[in-house]
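Understanding the architecture of this molecule
Residue strings, one per chain:
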Amino acid sequence: MSSSAGPRFPDGVPSPIGSYGPKVDGKERLTGQAQFVADMKLPRMVHAKFVRSPHAHARIVRLDLGPALAIPGVVGACVGEELPKRYGVIPVAQDETALALGKVRYIGEPVACIAALDEETAHRACAAVVVEYATLPAVLDIDAALDPSRPVLHDYARKPSNILRRVHQNYGDVDAGFAAAALVVEGTFDYPGSTHAALESHAALARPEPDGRITLWSSTQNPHYVHKDVAKVLGMREQDLRLIKPAVGAGYGGKCDPFATDICAAHLARKLGRPVRIVLEREEVFYAHRGRHPTRMWLKMGFAADGAITAVDFKAWADGGAYASYGVVTSYYLGVFMPLPYKLDNYRFESHRLYTNKPPCGPKRGHGAIQPRFALECLMDRAAGQLGLDPATLRRQNTIDPDTETCNGLRVTSVGMKACIDAVVTASGYHERRGKLGPGRGLGLAVSAYMCGALHPVYQNELPHSTVSLKIDRSGEVTAFTGTADIGQGSNHMVAALVAHELGLPPEDVHVVEADTMLTPVDLGSYSSRVTFMAGNAALAAVRPLRRRIVEAVAAKLGCSEDAVQFGRPGHPDRGEGPRVGTDTSDVSWVDAVWLAEERSGPLVFAGGYTPPKIGSRFRRQSVGPSPAYSFTAQVAEVVVDEQTGELRVEKVWVAHDAGRVLNRAIAEGQVEGCVYMGVGEALSEEQRYLPSGLVRAPSLLEYKVPTVHECPEVEVFLVESHDPEGPLGAKEVGEGPQLSTVPAIANAIFEATGVWLANPPFTPERVLRGLDAARRAGGR
């Protein structure tokens, strides 16, 4: 969609676009007025809790609810046989049931759900449930999953295997590219699994309605697909289930799936005829998981003497846990983005997404692209050293140009990569300071690219990916109805700001109604950094014909040309308060403009949708990876390493992100800072580890170490505007891409500080010391 069309404003009238203005819903969050599921209480509401498996792999021999149901205050329960339909977001990999059905596949898997008048009674009832298990050998790592002699987790499948999906793609002539290379570098890398650590846990509240329908409030970031799956499992028509997303305390990908909370709350509410609420405790969130896939990687790269990349060969094995979740997508994301942001003609990758007896992995921020980016950017620095080239120059000269296509068929529009590199290199003094900071101190550079939404929907169809409907009533109030899921990233403000910009209003005068399947049109969800690009374009598609109606009516009233009509005019002593619509010599109030438009052409109700362009079909099996646009990021990290203790401290990160066009600077900078913060966590301390039994080692935020204010570095953000020709007003994503280059920038800085390459984060003191010891034994530092 072209971003050139737009309203006319008088000189000096500010626009909300590009400003530091506050979020339209910020005040209710800051004052505690926002309602999360855990805040909601309904008459006759009961509380439900899960009975969970103590075994990683076992058959359920007997399950007796009798002792639990006999406890006073217990009102009901359900087990897996009541909800036998398998579900999952990805249609080709629906392998999960709400409660274990005959077999458990990880420690913590729910096997029953008990409802009681209060949470304490529900807990006691869960402890009273009798479950007998026959344990089975567990598959707990990548090697075991690849071993065909080990038990198969999903033995009912048509082709039983612990490999959910294998992807192999080959572009150009990779072997010839290596043969022509002046330098070939390769390495193996292990990237750890990690969880999202969102402040709010997963929660759901369901209420049966008098007409037999169900209303479900869910802490989801994917209302559309959760709505479909819950209705499917419950055997309901979708129109008989109303799903509402209230305030959500962050998701980062961890709330994309349908969960047992949603399905069991709705099922028990229907079964018991009263509202049922389920709120997971923090330990349970680690079992629900859907976090980063632990990934083993091998990467080989060829370079010409001048630094041009001649070939790349990549293999990855991802430990996906017990169920598919988004694993089919992960298997593609591990490889399809590797050519970006570089010029590359010869590329081959192979990936495996595997089943193991651990909590299911899924889409964590930067889904599937974080792990390979770490390997790629580390090898880029190694190659630069061996070629005698500056790492920044090597990256800059290999950067892809705008309006081109990658070897694997990804269409690229705007590219701000070189500007991002220049910004962080200049601000950090990279060229002047690198190698001169003294022992134990170093600067590291890394770059990355990420998508602005998936080109194809999960369920293949030709329908819009996002729709926004607008209504202006006779008071002048503007209401935007959107299916988007604001999980703290600011999508409500984005919709309000775009509509307000087009109509010359302040964003707070646009009321946003979001994510209610009874009231709002479809948006596919907050994933793959799609919302700004897709819902933003949908909002513009809705508001622009509405604005045209107002322009026509006001021009007719004032007797002026339509081109002369301006929006957002300030108030005038003789004509009244603003905002006003008209010309320098004559105008009307906003409310009068609305009345004129409705008198002239009927009710002011408009809808607009966004469907991505039909691109990315040059190669077979290219349904995953293509995007309408891509964002680009560069980072420089400065670190200090104590070579006696192995302690690593990240002093500062300079980050530049190509956001296309910045719609709100405060929100955009906050998103970039949040990405860096999560990257620092994965570099320093975050790892979801397991005991040999398959039990999560540290299922609490006391032991799972997210960075505190003491570990967080200073972050300096630069927002680069490349003005994408198809983005809403030129905008691109800003919520995930900036994380991709944080960990490799820190790894490259560690090498600069110590001379040691570390290939498996997090870079804990123990791993740093092991790396230093290995280097000394090998004759290094």
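So, here's what we can say about the structure. As the structure is a computational prediction, the values presented were derived from the model and not from experiment. (Residues numbered from 1 in each chain as written. Predicted model: local features only at pLDDT ≥ 70, side-chain atom pairs only at ≥ 80, totals over all residues. Heavy atoms only, no water.)

Examining the pattern of salt bridges
Throughout the structure, instances matching the rule amount to 52 salt bridges. Ionic pairing is found between Glu 752 and Arg 434, a salt bridge with its closest N-O pair at 3.7 Å. Residue Glu 752 is located in helix H18 (residues 742–754), and its partner Arg 434 is located in the loop between helix H13 (430–433) and strand S18 (441–451); the two are separated by 318 residues in the primary sequence. The exposure class assigned to Arg 434 is partly exposed, which follows from its relative accessible area of 30%. Arg 441 serves as the salt-bridge partner of Glu 638, at 3.3 Å between the closest nitrogen and oxygen. Of this pair, Glu 638 sits in strand S26 (residues 630–641) while Arg 441 sits in strand S18, and the two are 197 residues apart along the sequence. We classify Glu 638 as buried; its relative accessible area is 7%. Residue Arg 441 is classed as partly exposed on the basis of its relative accessible area, which comes to 27%. (Salt bridge = Lys/Arg side-chain N within 4 Å of Asp/Glu carboxyl O. Helix = DSSP H or I, 4+ residues; strand = E, 2+ residues; numbered from the N terminus. Buried < 20%, exposed > 50% of the residue type's maximum accessible area, 1.4 Å probe, protein only.)

Notes on helix H10 (residues 370–387)
In this model H10 runs 26 Å from its N-terminal to its C-terminal C-alpha over 18 residues, within 8% of the 26 Å that 1.5 Å per residue would give. A large share of H10 lies buried, amounting to 15 of its 18 residues. Phi turns positive, to about 70°, at Gly 388, one or two residues after H10. (Expected span 1.5 Å × (residues − 1).)

With respect to the packing of aromatic side chains
Taken as a whole and judged by the stated rule, the model has 12 aromatic pairs. Measuring from centroid to centroid gives 6.3 Å for Tyr 225 and Tyr 527, while their planes differ by 50°, and the two rings are tilted. Residue Tyr 225 is found in helix H6 (residues 223–234), and its partner Tyr 527 is found in the loop between strand S21 (510–514) and helix H15 (531–558); the two are separated by 302 residues along the sequence. Relative to Phe 349, the ring of Tyr 347 lies with its centre 5.8 Å away and its plane at 25°, an arrangement referred to as stacked. (Phe/Tyr/Trp six-rings, centres within 6.5 Å; stacked < 30°, edge-to-face > 60°.)

Some details on empty space enclosed by the protein
Counted by the stated rule, this structure contains eight cavities of 30 Å³ or more. Taken as a whole, the largest cavity holds about 160 Å³ of empty space. Taken together, the elements giving at least two residues each to the lining of the largest cavity come down to strand S1 (46–52), helix H7 (260–272) and helix H8 (282–288). Within the lining of the largest cavity, the residues separate by chemical class into 11 nonpolar, two polar and four charged. Within this model, the second largest cavity holds a volume of roughly 80 Å³. If you trace the second largest cavity, you find 13 residues lining it, with His 196, Ala 198, His 202, Lys 255 and Val 285 closest to the centre. Here the residues of the lining of the second largest cavity sort into four nonpolar, six polar and three charged. (1 Å grid on protein atoms, 1.4 Å probe; cavity = no way out; pocket = protein on both sides within 12 Å on 5 of 7 lines; lining within 4 Å. Points joined across faces, edges and corners; volume = space filled by probe spheres on them. Nonpolar A, V, L, I, M, F, W, Y, C, P; charged D, E, K, R; others polar.)

Concerning the sheet that holds strand S22 (residues 566–569)
Strands sit in the order S22-S23-S24 across an open sheet of three strands; the sheet is antiparallel. Taken across any chain shown, the strands that pair with only one partner, and hence form the sheet edges, are S22 and strand S24 (587–589). Strand-to-strand twist in this sheet, taken as the mean axis angle between neighbours without regard to direction, amounts to 30°. As paired elements, strand S23 (residues 580–582) and S24 share three bridges and run antiparallel to each other. Looking at S24, one finds that Val 581 is bridged to Val 588. (Pairing = 2+ DSSP bridges. Axes fitted to C-alpha atoms, helices over the stretch in contact; angles between N-to-C directions.)

Observations concerning the nonpolar core
Leu 299, Met 301, Ile 746 and Phe 763 are the most contacted members of the largest nonpolar core, which has 128 residues in total. In terms of residue count, H10 provides more of this core than any other element does, nine residues in total. When sequence neighbours within four positions are dropped, the list of residues in contact with Phe 763 reads Phe 374, Leu 648, Ala 683, Leu 684, Val 743, Ile 746, Ala 747, Ile 750, Leu 758 and Val 768. In terms of nonpolar packing, the next biggest core, distinct from the first, is built from 49 residues, Met 494, Ala 497, Ala 593 and Val 594 among them. (Core = buried A, V, L, I, M, F, W, Y, C linked by side-chain atoms within 4.5 Å. Contact = heavy atoms within 4.5 Å.)

Some thoughts on unusual backbone geometry
For the bond running from Leu 340 to Pro 341, omega is 5°, close enough to zero to count as cis. Following Pro 761, the chain continues to Pro 762 via a peptide bond in cis, the omega torsion being -5°. The residue Pro 762 is located in the loop between H18 and helix H19 (765–777) in this model. In the Ramachandran plot, Ala 197 falls in the positive-phi region, its phi being about 55° despite a non-glycine side chain. Of note, Ser 528 is a non-glycine position whose phi angle comes to about 55°, a positive value. Turning to its location among the elements, Ser 528 is positioned in the loop between S21 and H15. Taking the relative accessible area as the measure of exposure, Ser 528 reaches 9% and is therefore buried.

Quick look at the sheet that holds strand S9 (residues 203–208)
Two modes of strand pairing occur in sheets, parallel and antiparallel, and in both the strands are linked by backbone hydrogen bonds. Strand order in this open sheet of seven strands is S3-S5-S1-S12-S9-S10-S11, and the pairing throughout is mixed. Of all the strands in the sheet, the pair left with one neighbour each is strand S3 (74–79) and strand S11 (241–244). Neighbour to neighbour, the strand axes of the sheet diverge by 20° on average, direction disregarded. Bridging between S1 and strand S5 (residues 110–116) involves six bridges; their strand directions are antiparallel. Each residue of the ladder has a partner; that of His 47, found in S5, is Ala 116. Sheet strands in contact with H6 are strand S10 (214–218) and S11, and its direction is about 145° off that of S11. Lying over the sheet, H7 contacts S1, S3, S5, S9, S10 and strand S12 (276–279), oriented at roughly 25° with respect to S9.

None of the figures reported here should be taken as evidence of function without further support.
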